[in-house]
Amino acid sequence: MVVDTGRRTLVRLIDRERLFSTLDQAVEKRVTLISAPAGSGKTTLLRTWIDHLRDNRRVVFTSARNHEDEQAFWLDLLAALRAGEATVPTPTFSSAVMVERVLAQLNEHRDPFVIAIDDAHEFARDALVHIATLIARLPAHARAVLASRHDLRLGIHQLRLSGEVAEIRATNLEFTESETRELLESSGIVLSGEAVRTLQQRTEGWAAGLRLAALSLAVDSDPETFVAQFSGSNRVVADYLLAEMLERQPEHVQRLLLTTSILERFNADLADLLAETSGSDSILLDLEDANAFVVSLDRQRSWFRYHHLFRELLRLELRRSTPDRIAELHRRAAGWFADRGYAIEAIRHSQAAGDWQSAAWLLTDQLFDLLVSGHNETIASLLEAFPRAVRIDHPELALVDAALETQQGRFEEAARDLDVAQREAKTLPANLQAGYGVGIAILRLGLARRQGQLDSVIEQANCLGSCGVLRAMALMNLGIVEMWSGRLADADRHLRDGAELSQEIGAPYLHVICLSSLGFASKVRSFASARDHSERAVELAQRYGWENETIVVPALLTLAGTPIWAGDFITGERWLERAQKAMKPDTNPPEEMLLHIVSGMLHVGRNRLRDALTEFSEAERMQSRMLGEHVLAAQAIGWAISTKARLGLLDDARGMLAAVPSPRAAAPEIRNAAAAIELEAGEPAAALAELRDVLDAHTAPIHDFVLVEAQLLAARAYLELENEPEMISSLEKALGLAERERLLWPFAMTGARDVLTKLPRHKTAHAALLLEIVDILDGLSPRGNALSTAAGELSATELRVLRYLPTNLSRSDIARELYVSVNTVNTHVRNIYSKLGAASRTEAVERARQLRLLGH
Amino acid sequence: MRLHQLLNEDGVVRSHEPKLYSIRVKGHLGATCLAAFPEMVSQQRGADCVLTGLLPDRSALFGILTQIEALGLELIEIRRLLPNPESAEISKRFTS
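Just so you know, these numbers come straight off a predicted model, no measurement behind them.

Let us now look at the overall build of chain B. The helix and strand inventory of chain B stands at 3 helices and 6 strands. Going residue by residue from the N terminus, the α and β elements of chain B occur as β-β-β-α-β-β-α-β-α. The buried share of chain B, reckoned over its 96 residues, is 23%. Across chain B, every contact between residues at least 6 apart in sequence was considered, and the portion connecting residues at least 24 apart equals 60%.

Bringing the confidence of the model for chain A into the picture now. All names here are of chain A. Looking at chain A, pLDDT values average 86 and 94% of them are 70 or higher. Within chain A, helix α17 (residues 326-339) carries the highest mean pLDDT (96), whereas strand β1 (residues 2-4) carries the lowest (36). Contacts for the low-pLDDT stretch residues 1-12, under 50 throughout, to residues beyond four places or in other chains number 23 contacts. Note that residues 781-791 has pLDDT below 50 and, in this model, 23 contacts with residues that lie over four places away or in other chains.

Buried residues of helix α8 (residues 177-186) of chain A: A:E179, A:T180, A:R181, A:L183 and A:L184, and no others. Residues of α8(A) that are buried make contact with α9 (193-203) and α10 (207-219) of chain A.

Right, let's get into the interface of chain A and chain B. Taken together, the 22 residues of chain A in the interface contact 15 residues of chain B. Of all the secondary-structure elements, those providing two or more residues to the side of chain A that touches chain B are α12 (237-247) and α16 (308-321) of chain A. Looking at the side of chain A that touches chain B residue by residue, the classes come out as 12 nonpolar, 3 polar and 7 charged.

Time to look at the packing of helix α22 (residues 397-407) of chain A against helix α24 (residues 430-451) of chain A. Residue and element names in this part refer to chain A. Look at α22 against α24: their axes get within 10 Å of each other, and the N-to-C directions meet at 20°. By the angle between their axes, α22 is roughly parallel relative to α24. Between α22 and α24 lies a crossing whose hand is left-handed. Across the interface between the two elements, L399, A402, A403 and T406 from α22 touch G439, I440, L443, G446, L447 and R450 from α24. When the residues that make up the contact of α22 with α24 are grouped by side-chain class, the tally is 6 nonpolar, 3 polar and 1 charged.

Moving on, we get to the nonpolar core. Residue and element names in this part refer to chain A. Ranked by internal contacts, the top residues of the largest apolar core, which has 273 residues, are V552 and L556. Of the residues forming this core, the biggest block, 12 residues, is contributed by helix α26 (residues 468-484). Residues contacting L556, with those up to four places away along its chain left out, are V538, W575, R578, A579 and A582. Ranked by size, the runner-up nonpolar core spans 12 residues in total, among them V801, L802, I814 and V829.

This part takes up the confidence of the model for chain B. Caution applies to low-pLDDT regions: their predicted coordinates should not be interpreted in detail. Residues and elements named next belong to chain B. Per-residue confidence for chain B averages 79 on the pLDDT scale, and 69% of its residues sit at or above 70. Ignoring residues within four places in sequence, the model shows residues 1-15, a span with pLDDT below 50, making 16 contacts including any to other chains. Taken over the whole predicted complex, pTM reads 0.72, whereas the ipTM for its chain interfaces reads 0.76.

Turning next to the sheet that holds strand β4 (residues 41-45) of chain B. Residue and element names in this part refer to chain B. Pairing is antiparallel in the open sheet, where 4 strands are placed in the order β4-β5-β3-β6. The sheet terminates laterally at β4 and β6 (75-81), the two strands that pair on one side only. Across this sheet, the average inter-strand angle for adjacent strands is 20°, counted without regard to direction. With 5 bridges connecting them, β4 and strand β5 (residues 48-55) associate as antiparallel partners. Along β5, the bridge assignment pairs V41 with T52. On top of the sheet, helix α2 (residues 58-70) reaches β3 (19-26), β5 and β6; it is set at about 10° to β3, its chief contact.

Conventions adopted
- Residues numbered from 1 in each chain as written.
- Chains lettered and ligands numbered in written order.
- Predicted model: local features only at pLDDT ≥ 70, side-chain atom pairs only at ≥ 80, totals over all residues.
- Helix = DSSP H or I, 4+ residues; strand = E, 2+ residues; numbered from the N terminus.
- Buried ≥ 20, exposed ≤ 12 C-beta atoms within 10 Å, placed from the backbone.
- Contact = placed C-beta atoms within 7 Å.
- pLDDT = per-residue confidence, 0-100.
- Nonpolar A, V, L, I, M, F, W, Y, C, P; charged D, E, K, R; others polar.
- Axes fitted to C-alpha atoms, helices over the stretch in contact; angles between N-to-C directions.
- Parallel < 35°, antiparallel > 145°, perpendicular 65-115°, else oblique.
- Left-handed = near helix turned anticlockwise from the far one by under 90°.
- Core = buried A, V, L, I, M, F, W, Y, C linked by C-beta atoms within 7 Å.
- Pairing = 2+ DSSP bridges.

This is the structure:
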């Protein structure tokens, strides 16, 4: 729950001016920690302080409690920072990414900002690490206030040492005598000075105790006696006062309070149901108005929750007084939530009621909706709440297990669980079986898509008969499996349908995945359409804050790959870096293979063949994690072999070639690799023999680039055989094929520079392209980019000066470092600016980085 | 006596005996608060309450401490009781 600052507490809780000024002072520092036991009044203090703020500070108040999972907490925080703009969960949640998004959002504003987080003791250890990161990196205009029951291990010693941490502790929060009087008076209670003092001493100024006492005192005819009796008792304050308070309530209010204590949140309808009464709405509003530990959660005051300590006490009292009714209450609550579509709460209460059967069916039934709406963490916690014996008795839960395992890359376990689920399908009631069957089919497809397994697709395609989310998931999974297994036309069709349907039913997450994959699948048609789909995928992802999620990896790789093909390695590298960051290793081998291939291509373009070899070998290794053959598997092996050959590792390359199994060995990608070996071995005739089938178009390659590569290898062979007409003919074919999609990268891959320079300019119809390729192979940016000419012109001394420009050294500092005069440095800097076309030091550094004259 | 199977660091299963703890909190616990500690026996000692019970392991102990924190109780002392005539007497009440 996040309460925005526009909301005013309805009943004026007493303003504790003393503490307000303490807090005002505290938030001068970057972090304020409020650490005090339950019931000390931390939450109330924070809320009233926020309400009383009169300056232009923006405040976000949130709690580590009342969130289904960590993701919900972060999304709520982000939504509050964006002033209510919606945030959407993703199945692949990462706290680290969320911290970045929150920081980015904070950096957008310059106004003073306070993030107040209540109940911070509720954070799990891991979550706390991310909170600490957020705090350590808060921009200067932002502050954090954390309230918790015990001291948190945040690891912010640095901030502490630099005096950036303020602390408010239990003793600060204790009610003084005068505050006690004020509190009582605000509830219309008048006590003698002696009684106020006694009450304050007996409760030790403990806020919850005083407020409980006030509830009883307000309806007690003899408040002085009440205080005297209370102070004469040794009973624990809360315990004593709760009993007294309950005793003074009418029976139906008592019942309402006790029965609703099983709920995290409730409304009047639900309260009526549990308390077997009517008119709960006015009771709840009265309780909130009386400040009786009931807080409304929304502006309409329809949903409520109890203060934590109060709820805890009521639950204990319920457990003590009517232990045998509790299961029934949970059962009723479960039914109520289920009827209204609150799946998670329905499942939790079924579990609490011990209704394992309905809990298991509900979870299975809601699995896909929960998955698509990003509730992985919650699904896992719901699954864990089933006792081991129950999980064995309810094989349908294996379906839930399989879904989570697939996403974590535990494919074998997932497959095993799906087998179990399938075997036990017959034991389910008839009305559940149909949906259950579709569920199994979709999960099998999902598993198949990560393992690139085509054969299972056909048998599972029956789940396309379903509708809504299930059909969209089926189309997506099917399209992706087809894509990775090389049936690109089918993939293209299914992914388009999937994209359209997910847009229609409002499933943006699936929509992004379909578009993202369409980028790769439509590459056959044209690079332009591939780029177009990928850009749309990234754009859509951005809108939901998913631009760094794994789902955009295929799109990012397409956006990296297409410029690399065209020789624009700077753009390619930028996209590739984003893809590398977004990729979650070991969860999606087909995508990871593509990632390594594109990385290898970039290295080839930069003439770093050893690094390229590592990447191509990694790509090839990914195949071993898949069951079917990846559409790029032959390409990965082919380029690994060719790269080895070009590095002079001929024996190695031949060994690898010999190990390629026979059907794959005939693939054009592998033939090209065989030819590359022969060329490096000085056997041009043998190379041509290897290429014959490819050149005669006996085998259909997946893309023109394989043919460009073959023609270039042939040209190299003809050059060595001193057969100029054939060499020219091969080169012309290569250039002709390359022109349309600007497939310049194969020229780098095949080491074709020398052969290109042998081609007389007047004998080619592609002279401009030819010049551009030679520039690229010489390590220059593509022609047409004015920067490329400047790069070569920086002198050695200018380059030495250039290296100091990104530092904060002044010109005279640089002069000292280089043992030259300031005037000399000035001259060099002027020349650098003019050669790079830069107007400032920053601009010069930026240009130099673009030109790779400087690292980052 | 009930034995609990625990895994030690080497992954070897070994039997583990529950330990007897006594936990002192400030104030007398009434029926409501005592419902939070069904596994403990309570005794009033002066102005305090002493909760005594056999706990299977440290997680159980921390569970009790969390409950004490949730109720805003003031923790005064925790002791593990070693077998001696007095605690043997208490032990007997749990195992009989």
